[in-house]
Amino acid sequence: MDTAREIHLLPEFIANQIAAGEVVQRPESVVKELVENAIDAEATTISVVVRKAGKTLIHVVDDGKGISKDDLPLAIKRHATSKIQTAEDLHRILTLGFRGEALASIASVSQLEIRSRRRGNSTGWRLLSTPTAEPKIEPYQCDEGTQVIVKNLFYNVPARRKFLKSDLAEFRLIADTMRKFALGYPQLRFVFYDEDSLVFDLSPTTLLERIAQLFGEEYAHSMIPVEWEEHQIRITGYIGQPDFAKKSRSEQFLFLNHRPILSRQIQHAVYSAYEHLLEEARYPVFVLFLHLDPTQVDVNVHPQKQEVKFEDERTVYAVVRTAVTEALASVDLTPRIGIDATTPFEKLQIQSPQKPEETLLVNRLTGEVISSKSQSYTKLPQELRPTSPPSSATPPSSPPATALIATAAPAKAPASTAPSRRFLQLHNKYIVVETSEGFALIDQHAAHERILYERAMRAMNREFQYAQKLLFPIKIELSASDIALLQELQSLLENLGFQFAIVDNTTVELLSVPQDVPGNREQQALVDMLHDYKERAALEYPQQREQLAASFACKAAIKSGDRLSEEEMQQLITDLYQCHSPYVCPHGRPTVFEFPLKELDLRFSRTPVQSKGAD
Ligand code: ADP
Ligand code: MG
């Protein structure tokens, strides 16, 4: 009989060291855990001092509720916490900590000192600990609150120490974390020292002012507020203007019930709401707070507590996307060489006794009546949107316009009597159009790309039938890999309007194309689009359908160099201003610049009175 025993329980400090491997990876993780504890202790001021990027010293001081003498030794025991008690508590976590392992982990890899005095107590206590010895506890004179001092992190774990980056790199990580907490809790004061030099001392304030404290006034005041609630999910905070987008995601801050979190899905939800307002490879900046019932989310996914799992991920994604879309729609983002912002639509009050509150929305560029409600186009009810896109051969009839003109008779400028606009094509590339407030300059290719992009997206969302059957199917020879790609994209392509039959592994028969593809260019449109798609796929747009729409738009759009008739220009501009995002092409370049008369007058040193005069 074999009675030899090889298995034994590890000494506590070794068990803690193993756990520390996950919780405490670097000085930054220590700072994060200690600041979390201070916030959980209801501190109003939190000060952090680091030396040698936290490698030799991390000192965190708070004015929170403190730790009693009896709790001090427990605080550094693993699985010891004051924040949850029962299994149910784990499903409704409102504190930043709950695992009870941070202090135990830190104690196992450093020389740790905790000084603390409970609020209202006259004396304080301190605990001195090293990884292998029993901690010492003694009376100590200190202010109310808690100080945690971590010296010589990883001094007993050389492998860990070697794994650390340069002081500069480690310090950056700490500074990023401090910035995150400062944004997440603008109502608290944060003081942060690197060695003896003050990095910041941020007084309690509003979120917007906190953003200004950290990133500058101009930055903060260009941000767009977000405030949205749906399905018991509330989204608040600020998002950056598309122009302020960065080359990295480093200025994207996300908080779930104030906890800083990382979430690719939510980042993507925000990104997708910007649609194509962004240039290539740019990321919007944002500081967004998600507030939701803690039972609807699991924060216990990873020891570092930055990853979370939502009960209903799709809904959260959709709500975030809507919140950001609404925020963006609430501001005018037209690139402008002018001063004050206006929209392409002019609101006219209808003086009709039947409907005293009604207003008429007229496109300032084309004179076209867009809506009888004072709403922006993006919020127009479906029936008022252009339902089927025009092919270039058959210009669209804007269905609501005629109906509205009848009721719009008392208005100042109904479409029927609107002065006809003057257009001028420059170098077969740009269109100048006179507007009621000045003039606008339009890039014909970019504008048409935007129009076709949105049509393609709607077609792929099956909002209308874009396909137009060819009288005679066209046989096209392609490489085997192109055929494979066609197969992969078949259902999207069919909704887009490209219907085809695969004959063999190098031949397809094209049966229909989107209505905007001009005659004789059917084959080219498909082939060019495929090539563009292959080149850009996965680089530009994360989603197939967006990429496909962009490739189609790019290849099927009017080229710069194409001569346009007056009618075609009129059509292009009308269609452009019916777009959801008329001001940028799918690649993020501007489509229109507006030059308000006011601005022109200013530049020519005319006073507004003079300009109105007949000189
Ligand atoms: P957790 O935060 O997950 O509970 P920690 O190991 O970080 O675990 O902390 C253990 C316990 O020590 C906490 O639950 C809390 O009761 C106490 N504690 C830690 N830091 C502080 C602090 N700054 N002020 C008051 N109490 C603290
Ligand atoms: Mg903690």
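Refer to the preceding data block for the structure.
What you see is a predicted model; the values in this text were computed from it and never measured. (Residues numbered from 1 in each chain as written. Chains lettered and ligands numbered in written order. Predicted model: local features only at pLDDT ≥ 70, side-chain atom pairs only at ≥ 80, totals over all residues. Heavy atoms only, no water.)

Focus: the site of ligand 1
So, step 1. Close contacts around ligand 1 come from 18 residues, with D62, T81, S82, K83 and G100 the closest.
So, step 2. Between R99 and ligand 1, the recorded distance is 3.1 Å, taken from a backbone N or O atom to an oxygen atom.
So, step 3. If ligand 1 stood free it would expose 530 Å²; the protein chains cover 93% of that surface. (Near = heavy atom within 4 Å. Polar contact = N/O pair within 3.5 Å; in protein donor to acceptor, adjacent residues only side chain to side chain. Areas by Shrake-Rupley, 256 points an atom, 1.4 Å probe, with all protein chains shown as cover.)

Digging into the sheet that holds strand 22 (residues 467-477)
So, step 1. Taking strand neighbours across the sheet as the criterion, the three strands line up as 22-24-23 in an open arrangement whose pairing is antiparallel. Only two strands of the sheet have a single partner each, and these edge strands are strand 22 and strand 23 (499-504). When the angles between neighbouring strand axes are averaged without regard to direction, this sheet yields 15 degrees.
So, step 2. As paired strands, strand 23 and strand 24 (residues 507-514) are joined by five bridges and run antiparallel to one another. Counterpart to D504 in the pairing with strand 24 is T507.
So, step 3. Those strands touched by helix 14 (residues 522-536) are strand 22 and strand 24, and its axis lies near 70 degrees from that of strand 22. (Pairing = 2+ DSSP bridges. Helix = DSSP H or I, 4+ residues; strand = E, 2+ residues; numbered from the N terminus. Axes fitted to C-alpha atoms, helices over the stretch in contact; angles between N-to-C directions. Contact = heavy atoms within 4.5 Å.)

Looking at the packing of helix 12 (residues 444-460) against helix 16 (residues 566-577)
So, step 1. Interaxial distance between helix 12 and helix 16 falls to 9 Å at its minimum, and their mutual angle equals 50 degrees. It follows that helix 12 is oblique to helix 16 by the angle criterion. In the crossing of helix 12 with helix 16, the sense of the turn from one axis to the other is left-handed. In contact with Q444, A447, H448, R450, I451 and R455 of helix 12, helix 16 contributes L572, D575 and L576.
So, step 2. Its residues placed into classes, the contact of helix 12 with helix 16 shows four nonpolar, two polar and three charged. (Parallel < 35°, antiparallel > 145°, perpendicular 65-115°, else oblique. Left-handed = near helix turned anticlockwise from the far one by under 90°. Nonpolar A, V, L, I, M, F, W, Y, C, P; charged D, E, K, R; others polar.)

Description of the sheet that holds strand 11 (residues 252-256)
So, step 1. Strand order in the open sheet formed by five strands is 9-10-13-11-12, with mixed pairing between adjacent strands. Both outer strands of the open sheet, strand 9 (224-230) and strand 12 (259-260), are each paired with one neighbouring strand and no more.
So, step 2. As paired strands, strand 11 and strand 12 are joined by two bridges and run antiparallel to one another. Pairing of L256 across the sheet is with R259, part of strand 12.
So, step 3. Along the sheet, helix 6 (residues 167-184) contacts strand 11, strand 12 and strand 13 (286-292); its crossing angle with strand 11, the most-contacted strand, is approximately 55 degrees.
So, step 4. The sheet strands contacting helix 7 (residues 207-215) are strand 10 (233-239), strand 11 and strand 13, and the helix crosses strand 10 at an angle near 40 degrees.

Side note on the side chain of Q252
So, step 1. By the secondary structure assignment, Q252 is in strand 11.
So, step 2. Residue classification places Q252 among the buried residues on the basis of a relative accessible area of 12%.
So, step 3. For Q252, the side chain forms a polar contact with the side chain of Q267, separated by 3.3 Å.
So, step 4. If we skip the residues at most four places from it in the chain, Q252 touches Q267, Y283, P284 and F286. (Buried < 20%, exposed > 50% of the residue type's maximum accessible area, 1.4 Å probe, protein only.)

Concerning the pattern of salt bridges
So, step 1. Across all of its chains, the model carries 28 salt bridges by this definition.
So, step 2. One salt bridge in this structure joins K246 and E251, with 4.0 Å as the shortest N-O distance.
So, step 3. Given the relative accessible area of 27%, K246 is considered partly exposed.
So, step 4. A salt bridge links D482 to K534; the shortest N-O distance between them is 2.5 Å. You can see D482 sitting in helix 13 (residues 480-496) and its partner K534 sitting in helix 14, a full 52 residues away along the chain.
So, step 5. The class of D482 is buried, set by a relative accessible area of 5%.
So, step 6. Classification of K534 as partly exposed rests on a relative accessible area of 40%.
So, step 7. A single salt-bridge network, built from bridges that share partners, covers E113, R115, R126 and E138. (Salt bridge = Lys/Arg side-chain N within 4 Å of Asp/Glu carboxyl O.)

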